[in-house]
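Here is how the chains run, residue by residue.
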Amino acid sequence: MKFPYKDILVVCSVNTARSPMTVGFLKKFSAKNNSDINIYSGGISSNARDGMLISMDAILAMKEVGIDLPQDSLSIDLKKHPTLIGKADLILTLTEKHKEELHAFIGKDNKNIFTLKEFAGEDGDIEDPSMKGLEGFRKARDEIERALLKGMQKFKN
């Protein structure tokens, strides 16, 4: 696979569910393709905080598909860590609102910023599974995986 990106930042609201799930899939794809990619995530919303634990439902939903999310992983508030945004050469957001919040924070620069669905060549958002039980997390997980797989097809040899 000829993947042109070395540093991928995944952005969602508070960095406790969708973005860690996306990072889990990206790390799996990267390992499978022997790619040397740095993958990390953070939250951009006003209620993002440093130090929150990953949602247990996100951990359980990913475990069902054979991906272990580190249970001791803590959320990152990107507004307090702008260097993470600066070093990324690809930024994937889970929603259009996250993309807008990122643009409001950093300005519209020349970074490659796409929603996950845009990356897949589609419209729409990956909705927040919070308060929707494990079934909501499964739905988000499956949408994330499908969008990533579709988006990665562009880089197959």
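Data block above holds the structure.
Because the structure is a prediction, the values reported are computed rather than measured.

The tally for this structure, following the rule as stated, stands at five aromatic pairs. Through a chain of ring-to-ring contacts, the aromatic side chains of Phe-3, Tyr-5, Phe-119 and Phe-155 assemble into a single cluster. The aromatic ring of Tyr-40 is capped on one face by Lys-87, whose charged end is 4.7 Å from the ring centroid. In this structure, Lys-154 is placed above the aromatic ring of Phe-119, and the distance from its NZ or CZ to the ring centre is 4.4 Å.

Our focus in this paragraph is the sheet that holds strand β3 (residues 90-93). Pairing in this open sheet of four strands is parallel, and the strands run β2-β1-β3-β4 from one edge to the other. Edge positions in the open sheet fall to β2 (38-43) and β4 (113-115), since each of these has one partner strand only. On average, each strand axis in the sheet is inclined to that of its neighbour by 25°, with strand direction left out of account. In this structure, β3 lies alongside β4, joined through three bridges in parallel fashion. Within β4, the residue paired with Leu-92 across the bridge is Phe-114. Across the sheet, helix α4 (residues 96-106) touches β1 (7-12), β3 and β4, and the angle it forms with β4 is around 160°.

Time to look at helix α2 (residues 56-63). Inspection of α2 places Ala-58, Ile-59, Ala-61 and Met-62 among the buried residues, and these make up the whole buried set. Buried residues of α2 fall within an arc of 165° about the axis and therefore sit on the same side. In this fold, the buried residues of α2 make contact with α1 (18-32) and α6 (133-152). The backbone nitrogen of Asp-57 lies 3.2 Å from a side-chain oxygen of the residue at the head of α2, namely Ser-55.

Among the secondary structure elements, Phe-3 is positioned in the segment before β1. Taking the relative accessible area as the measure of exposure, Phe-3 reaches 12% and is therefore buried. Residues contacting Phe-3, with those up to four places away along its chain left out, are Ile-8, Ile-37, Leu-90, Phe-119, Met-152 and Phe-155.

In this section: the pairing of β2. Among the six residues that make up β2, five are buried, leaving the element largely enclosed by the rest of the structure. Where β1 lies against β2, six bridges are found, and the strand directions are parallel. Counterpart to Ile-8 in the pairing with β2 is Ile-39.

Once that is clear, we can look at the packing of α1 against α6. In a pair of packed helices, the angle between the axes and the distance between the axes together describe the arrangement. Packing of α1 against α6 brings their axes to within 10 Å, and their N-to-C directions diverge by 40°. In this view, α1 runs oblique relative to α6, as classed from their interaxial angle. As for the relative orientation of α1 and α6, their crossing is right-handed in sense. Along the contact surface, α1 presents Arg-18, Met-21, Thr-22, Phe-25, Leu-26 and Phe-29, while α6 presents Phe-137, Ala-140, Arg-141, Ile-144, Glu-145, Leu-148, Leu-149 and Met-152. Among the residues making up the contact of α1 with α6, the classes are represented as ten nonpolar, one polar and three charged.

The rules behind each value
- Residues numbered from 1 in each chain as written.
- Predicted model: local features only at pLDDT ≥ 70, side-chain atom pairs only at ≥ 80, totals over all residues.
- Heavy atoms only, no water.
- Phe/Tyr/Trp six-rings, centres within 6.5 Å; stacked < 30°, edge-to-face > 60°.
- Lys NZ or Arg CZ within 6 Å of the ring centre and 35° of its normal.
- Pairing = 2+ DSSP bridges.
- Helix = DSSP H or I, 4+ residues; strand = E, 2+ residues; numbered from the N terminus.
- Axes fitted to C-alpha atoms, helices over the stretch in contact; angles between N-to-C directions.
- Contact = heavy atoms within 4.5 Å.
- Buried < 20%, exposed > 50% of the residue type's maximum accessible area, 1.4 Å probe, protein only.
- Arc of directions from axis to C-beta.
- Polar contact = N/O pair within 3.5 Å; in protein donor to acceptor, adjacent residues only side chain to side chain.
- Parallel < 35°, antiparallel > 145°, perpendicular 65-115°, else oblique.
- Left-handed = near helix turned anticlockwise from the far one by under 90°.
- Nonpolar A, V, L, I, M, F, W, Y, C, P; charged D, E, K, R; others polar.

Function-wise, these values are silent; they only describe arrangement.
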